[in-house]
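Architecture at a glance
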Amino acid sequence: MNKQSIIGVIGAGAMGSGIAQVAAVAGHKVILFDSNAAAVEKAKTSLNTTLQKLSEKGKISSAAEVFSRFEFATDIEAFKNCALVIEAIIENLDIKKKVFAEVESIVSDSCVLATNTSSLSVTSIAAACNKADRVIGLHFFNPAPLMALVEIIPAVQTEKSLVDTCKDLMLSWAKTPVITKDTPGFIVNRVARPFYGEAIRIYEEGIADIATIDWAMTELGGFKMGPFALTDYIGHDVNYVVTETVFQSFFYDPRYKPSFSQKRLLEAGWLGRKTGRGFYNYAEGAVQPEPKKDIKQGMYIADRIVAMLINEAVEALHLNIASAKDLEIAMTKGVNYPKGLLQWCDEWTAERTLNLLDSLYEEYHEDRYRASVLLRKMVADKKKFLA
Ligand SMILES: NC(=O)c1ccc[n+]([C@@H]2O[C@H](COP(=O)([O-])OP(=O)(O)OC[C@H]3O[C@@H](n4cnc5c(N)ncnc54)[C@H](O)[C@@H]3O)[C@@H](O)[C@H]2O)c1
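On a predicted model such as this, the values are computed, not experimentally measured, just so you know.

Thresholds applied
- Per-chain numbering applies: the sequence of each chain, read as written, is numbered from 1 onward.
- Confidence filtering applies because this is a predicted model: local features only for residues at pLDDT of at least 70, side-chain atom pairs given and counted only at 80 or more, and all residues used for totals across whole chains, interfaces and linings.
- Field definition: a residue is buried when 20 or more other C-beta atoms are found within 10 Å of its C-beta, exposed when 12 or fewer are, and partly exposed for counts in between, with C-beta atoms placed from the backbone.
- A run of H or I in DSSP counts as a helix once it spans at least four residues, and a run of E counts as a strand once it spans at least two, with each numbered from the N terminus.
- DSSP calls a pair of strands paired once it identifies at least 2 bridges connecting them.
- Here, the term right-handed applies to a crossover whose path from the first strand over the helix to the second runs clockwise when the strands point away from the viewer.
- Throughout this description, a residue near a molecule or strand is one whose C-beta atom, derived from the backbone, lies within 6 Å of it.
- All amino acids are sorted into three groups, where Ala, Val, Leu, Ile, Met, Phe, Trp, Tyr, Cys and Pro are nonpolar, Asp, Glu, Lys and Arg are charged, and the leftover types, Gly among them, are polar.
- Domain delimitation in this document rests on an assignment produced automatically or drawn from a domain database.
- All axes are obtained by fitting lines to C-alpha atoms, using only the stretch in contact for helices, and the reported angles, taken between N-to-C directions, cover 0 to 180 degrees.
- Any angle from 65 to 115 degrees is called roughly perpendicular, while one under 35 is roughly parallel, one over 145 is roughly antiparallel, and all others are oblique.
- The crossing is said to be left-handed when, going from far helix to near helix, the turn is anticlockwise and less than a right angle, and right-handed when the turn is clockwise.
- The contact criterion used is a C-beta to C-beta distance within 7 Å, with each C-beta placed from the backbone.

Take the pairing of strand S4 (residues 84-87) next. Side chains on a regular strand alternate between the two faces of the sheet. Side chains Leu-84 and Ile-86 of S4 all project onto a buried face; the interleaved residues Val-85 and Glu-87 project onto the opposite face, where all are buried too. With four bridges joining them, strand S1 (residues 7-10) and S4 adopt parallel strand pairing. Within the sheet, the bridge partner assigned to Gly-8 lies in S4 and is Val-85. In this structure, S4 lies alongside strand S5 (residues 112-115), joined through four bridges in parallel fashion. Following the sheet pairing, Ile-86 is matched in S5 by Ala-114. In the classification by handedness, the crossover that spans S4, the intervening helix H4 (residues 93-104) and the parallel S5 is right-handed.

Glancing now at the site of the ligand. Residues in close proximity to the ligand total 23 residues, the closest being Gly-11, Gly-13, Met-15, Ala-39 and Asn-142. Put simply, the parts of the chain that give the shell around the ligand at least two residues each are helix H1 (14-25) and H4. The element best represented in the shell around the ligand is H1, accounting for three residues. Considering only residue class, the shell around the ligand consists of twelve nonpolar, nine polar and two charged.

Attention now moves to the domain arrangement of the protein chain. Where interface size is quoted, it is often the accessible area lost as the parts come together. Split by domain assignment, the protein chain resolves into domain 1 (7-179) and domain 2 (190-380). One C-alpha centre belongs to domain 1, the other to domain 2; they are set 30 Å apart. Mapped onto the side of domain 1 that touches domain 2, the elements with two or more residues apiece are strand S7 (149-154) and strand S8 (176-179). Per-element tally for the side of domain 1 that touches domain 2: the top contributor is S8, with three residues. Its residues placed into classes, the side of domain 1 that touches domain 2 shows six nonpolar, three polar and one charged.

In this section: the packing of helix H16 (residues 350-364) against helix H17 (residues 373-380). Running from N to C, H16 and H17 point in directions that differ by 135°, and their axes come no closer than 9 Å. The pairing of H16 with H17 is recorded here as oblique in orientation. Crossing of H16 over H17 shows left-handed handedness. Counting all contacts with H16, which are made through Ala-350, Glu-351, Thr-353 and Leu-354, the residues of H17 involved are Leu-375, Arg-376, Met-378 and Val-379. Residues that form the contact of H16 with H17 fall into these classes: five nonpolar, one polar and two charged.

This paragraph deals with the pairing of S7. Counting buried residues along S7, six of its six residues qualify, which places the element largely inside the surrounding structure. Burial along S7 is two-sided: Leu-149, Glu-151 and Ile-153 facing one way and Val-150, Ile-152 and Pro-154 facing the other are all buried. Where S7 meets S8, four bridges bridge the pair, whose relative direction is parallel. Bridge pairing in S8 places Ile-152 opposite Ile-179. A crossover connection joins S7 to the parallel S8 through helix H6 (residues 161-172); in handedness this β-α-β unit is right-handed.

As C-alpha cells, then:
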C-alpha cells in the first residue's frame with residue numbers, strides 16, 4: 001500500500017471521522033461512509049473546521065487540499081476501488097459481521113478489511129468473510145488524530161504478511177503500531193483493567209474515598225488522572241461496558257470482575273462528565289470532596305494498584321499477548337502511563353512486586369490477587385524484564 005491507495009472508512013462517528021482525518025492528512029484519498037446521512041453531514045462540517053484550525057496552527061499546509069481528498073458517501077458502493085477499508089461502526093458483532101460481508105461483495109479481492117473494534121473478536125468478524133485472510137484489527141485510540149498508538153490484531157485467519165503491510169502503513173501515517181494477539185481487550189484494554197477495578201475495590205471496602213484514591217494515583221503514582229476522575233471523563237457507559245465485556249470474554253476470570261458501584265452509576269444515568277454526575281458531581285457550585293493526604297495510606301493505595309497493573313502486564317507477556325517492547329509502548333502511548341509497567345517492575349524489583357501481590361493474596365485469599373507465574377520465575381532467576 002502507498003499514498004495512491006484509496007482508503008475507505010465505515011462509520012462517520014467519533015472514531016471513523018478521526019481515522020479518516022489521519023489517512024487524508026497522510027496523503028490518501030479517503031471515502032468516509034455512514035448509513036446515517038446526518039452523521040456524514042456532521043463529520044463533513046467538523047472535519048472542515050478541524051482542518052482549518054490545523055492549517056492556522058501550521059500543522060498542515062493547506063486545509064483545502066486535504067479536504068479535497070475526502071469523498072463523503074451514503075452508498076457503500078463508493079468503496080469499490082479501495083485498497084483498505086477500516087470499519088468503525090457500532091460495537092455489535094452481528095452488525096459488524098453483516099457489514100463486512102456486504103463490503104466484501106463490493107471491493108476487489110486484494111482489498112484489506114480492517115476493524116477498529118475495542119472488544120470484539122477479530123476472528124469472529126473475519127469469519128463473516130469469504131476471504132477471511134484479508135481481515136485484520138486496527139485499533140486506534142480516541143481521539144485518533146492525537147493518540148499515536150494503533151494496536152494491530154491479526155485474526156486466526158489473517159494472512160501473515162498483512163501484519164507487516166499494516167505496520168508500514170501505520171508508520172507512514174505517523175502512528176506507533178504494536179502487534180497483539182486476538183484476545184479480549186488486546187493490550188491496553190486488558191492490562192489497564194486494575195487501574196479502575198482495584199481503585200473501585202479500595203473505595204468499596206472503605207479504605208479510602210474517591211478523592212484520596214485519585215490524589216494517591218496522581219501525586220504519588222504519577223498518573224495524569226486518577227481512576228475516578230478518568231472513568232467520569234471516559235463515561236461509565238463506555239468504561240463499565242468494556243470491563244463487563246472483558247470479564248465475560250475471559251470466561252469470568254475473577255481478576256476482571258466488574259463492580260456494583262460502577263454498575264449502579266450506569267443504572268442511575270450518572271455517566272460522568274457528560275451527564276454532569278458520575279463519581280464526582282460536576283454541577284456548578286458543587287462542593288468537591290477533599291483528599292486526605294496521608295502519605296502512608298496514599299503509598300499503600302498507589303502500590304496496590306500499580307502492583308496489580310504490573311501483574312497484568314507480566315501475565316500478558318507470559319501468555320505471548322505481545323512483546324515486552326510493545327507492552328511498554330502500548331501503556332505509555334495508549335493510556336499515557338508515566339512509564340511502562342515492566343520498567344516499573346524492574347525499578348521496584350520483581351521481588352518487591354511479588355511480595356505486594358502475595359501479601360494481598362494472603363490477606364484476601366481471592367484469585368484476583370494471584371501473581372503471574374512469570375513474576376515468580378523472574379524472582380527465582382533474579383532477572384529483569386528489560387535488561
Ligand atoms: N470511542 C472510543 O473511545 C473508541 C476507541 C477505540 C475504538 N472504538 C471502537 O470504534 C467503533 C466506533 O466507535 P465510535 O465511538 O466512533 O462510535 P460512534 O457512535 O461515534 O459512531 C458510530 C457510527 O457508525 C454508524 N453506523 C452504525 N451502524 C452502521 C452501519 N451498519 N453501516 C454504516 N454506519 C453505521 C453510526 O451512524 C455512527 O455514525 C466501535 O467499534 C468502538 O468500539 C471506540
